[in-house]
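Fold and geometry: a report
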Amino acid sequence: MAVIHHTTLKPTKLELLTDWLPSRPWYRGGPAAPQLSKAGGFRLDDPQGEVGIEFMVVTDASTPYLVPLTYRGAPLDGAEHALVGTMEHGVLGKRWVYDACHDPVAVAQLLSLIEGRVQAQDQNASDVPDREVVAAYTGEAPLTTKDVTTTDDTSGTALTTPNGTTVRLQRALEPSSAAPEEAIGQVTGSWQLPDDGRARGLFAVVHPA
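A brief structural summary. Since this is a predicted model, take the numbers as computed values, not measurements.

Reading the values: rules and limits
Residues numbered from 1 in each chain as written. Predicted model: local features only at pLDDT ≥ 70, side-chain atom pairs only at ≥ 80, totals over all residues. Heavy atoms only, no water. Buried < 20%, exposed > 50% of the residue type's maximum accessible area, 1.4 Å probe, protein only. Helix = DSSP H or I, 4+ residues; strand = E, 2+ residues; numbered from the N terminus. Arc of directions from axis to C-beta. Contact = heavy atoms within 4.5 Å. Pairing = 2+ DSSP bridges. Axes fitted to C-alpha atoms, helices over the stretch in contact; angles between N-to-C directions. Phe/Tyr/Trp six-rings, centres within 6.5 Å; stacked < 30°, edge-to-face > 60°. 1 Å grid on protein atoms, 1.4 Å probe; cavity = no way out; pocket = protein on both sides within 12 Å on 5 of 7 lines; lining within 4 Å. Points joined across faces, edges and corners; volume = space filled by probe spheres on them. Nonpolar A, V, L, I, M, F, W, Y, C, P; charged D, E, K, R; others polar. Core = buried A, V, L, I, M, F, W, Y, C linked by side-chain atoms within 4.5 Å.

A few words now on helix α1 (residues 13-20). For an α-helix, 3.6 residues make a turn, and residues three or four places apart therefore share a direction. Looking at α1, one finds that the buried residues are Lys 13, Leu 16, Leu 17 and Trp 20. Down the axis of α1, the smallest arc covering the buried residues is 95°, so these residues share one side. Each element contacted by the buried residues of α1 is listed here: β1 (9-10), β2 (36-44), β3 (52-60), β4 (63-72), β5 (83-89) and β6 (93-99).

In structure tokens form, the structure reads like this:
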């Protein structure tokens, strides 16, 4: 179980993302620096208790983005390309922040969530399940967590397993719960709208090989 520390972060997560987000191929904003606000998200637990895993939703203007992040106490070997930045945590000290789609611990837990083997956790409280996050999987073969290939493009991020099954993360979120007809799995969740309403949509969709 991850323990949520309510403490200071320097720089903050939103400050790190302000520099990083515009560099992503799926970012839809213009050349000006984004004005980000937190809109929701959830966490997953690392079974070893070493890596923090958070699926943040942040809003820039009117566009919400799904931004999965991992927080580590030391650099992740071979993942320099996925480093979002570093920050000082008031309790844990220096933390290396990564795009979680390139972190094998986060990818394994996401696939476990889709298969129903783990449960999403509240973003801001320890040991509290997030009931708004709903996952489903109808595929016959288990989703392998080894040798997953991560690819970013203009529409999102694809996590492709060795047998060709692909989990596509919706980076720019849209209110909708309808997965494509051929989908064999999905993750849906909710986020806050600028007018204080709530929206619900697809966070991830599983496509067959």
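Here we come to the sheet that holds strand β9 (residues 156-160). Here 6 strands make up an open sheet; going across it, the order is β7-β11-β12-β10-β9-β8 and the pairing antiparallel. Only two strands of the sheet have a single partner each, and these edge strands are β7 (134-137) and β8 (149-153). With strand direction ignored, the average angle separating the axes of adjacent strands in the sheet is 20°. Pairing of β8 with β9, which is carried by 5 bridges, proceeds in the antiparallel orientation. Bridging across to β9, Thr 149 finds its partner in Thr 160. Packed on one face of the sheet, helix α2 (residues 104-115) meets β7, β9, β10 (166-170), β11 (185-192) and β12 (198-207) and runs near 80° to β7.

This part is about the packing of aromatic side chains. Summed over all chains, the structure comprises 6 aromatic pairs. With a centroid separation of 6.0 Å and an interplanar angle of 45°, the aromatic rings of Trp 26 and Tyr 65 are classed as tilted. Placement of Trp 26 in the loop between α1 and β2 and of Tyr 65 in strand β4 is noted, with a sequence separation of 39 residues between them.

Below, the discussion takes up the sheet that holds β5. Here we have 6 strands laid out as an open sheet, ordered β1-β5-β6-β4-β3-β2, and antiparallel in their pairing. Either end of the sheet is taken by a strand with one partner, and the two such strands are β1 and β2. Where β1 lies against β5, 2 bridges are found, and the strand directions are antiparallel. Bridging across to β5, Leu 9 finds its partner in His 89. The strands touched by α1 are β1, β2, β3, β4, β5 and β6; relative to β5, the strand with the most contacts, the crossing angle is about 160°.

Attention now goes to the layout of surface pockets. Taken as a whole, the second largest pocket holds about 190 Å³ of empty space. If you trace the second largest pocket, you find 13 residues lining it, with Gln 170, Ala 172, Glu 174, Leu 202 and Val 205 closest to the centre. With 3 residues, β12 is the largest single contributor of residues to the lining of the second largest pocket. A class-by-class count of the residues in the lining of the second largest pocket yields 5 nonpolar, 4 polar and 4 charged.

Quick look at the nonpolar core now. In terms of nonpolar packing, the biggest core is built from 30 residues, with Val 167 and Leu 169 touching the most fellow members. Secondary structure elements with two or more residues in this core: β2, β3, α2, β10, β11 and β12. The dominant element in this core, judged by the number of residues it contributes, is α2, at 6 residues. For Val 167, the contacting residues outside a window of four places in its chain are Leu 110, Leu 111, Ile 114, Thr 157, Ala 158, Leu 159, Ala 204, Val 205 and Val 206. If you look at the next biggest cluster of nonpolar residues, it comprises 17 residues, including Trp 26, Leu 69, Met 87 and Ala 172.

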